[in-house]
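# Remarks on the overall topology
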Amino acid sequence: MIRPGLQRTVSVLMVQRQQLYGLLRKRSGQGTIEYAILVGVLVVIAMIAIALFKPKIQELWTAIADGINAL
């Protein structure tokens, strides 16, 4: 038979463990959302960079194609 004081301590620890698991589950979902937002921001930045540097990219691409064709 477990002593009453020890039984209460074990019960409290089990409740705290369940609460901790609940917090960890909530945070993992939050982390996923944070990564999704980060990826979204990076995509927007990449689109803006491509739009701004499109003429230079086309010029570089043309120079590369001309160099390959000259071989």
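See the structure above.
Structural notes, computed from the coordinates. Bear in mind that the values here come from a model prediction, so they are computed numbers and not experimental data.

## What about the overall build of the chain?
When you go through the chain residue by residue, the secondary structure sums to two helices and zero strands. Residues classed as buried in the chain amount to 3% of the 71 residues present. When the accessible surface of the chain is summed, it comes to about 6900 Å², and 71% of that surface belongs to carbon and sulfur atoms.

## Considerations on a nonpolar patch on the surface
Side chains of Ile33, Tyr35, Ile37, Leu38, Val41, Leu42 and Ile45 sit close together on the surface and give an oily, nonpolar patch of about 730 Å² of accessible area. Note on placement: isoleucine 37 falls in helix α1 (residues 4–52).

Calculation notes
- Residues numbered from 1 in each chain as written.
- Predicted model: local features only at pLDDT ≥ 70, side-chain atom pairs only at ≥ 80, totals over all residues.
- Heavy atoms only, no water.
- Helix = DSSP H or I, 4+ residues; strand = E, 2+ residues; numbered from the N terminus.
- Buried < 20%, exposed > 50% of the residue type's maximum accessible area, 1.4 Å probe, protein only.
- Areas by Shrake-Rupley, 256 points an atom, 1.4 Å probe, with all protein chains shown as cover.
- Patch = residues over 30% accessible without salt bridge, like charges linked within 9 Å, V, L, I, M, F, W, Y side chains within 5 Å.
- Salt bridge = Lys/Arg side-chain N within 4 Å of Asp/Glu carboxyl O.

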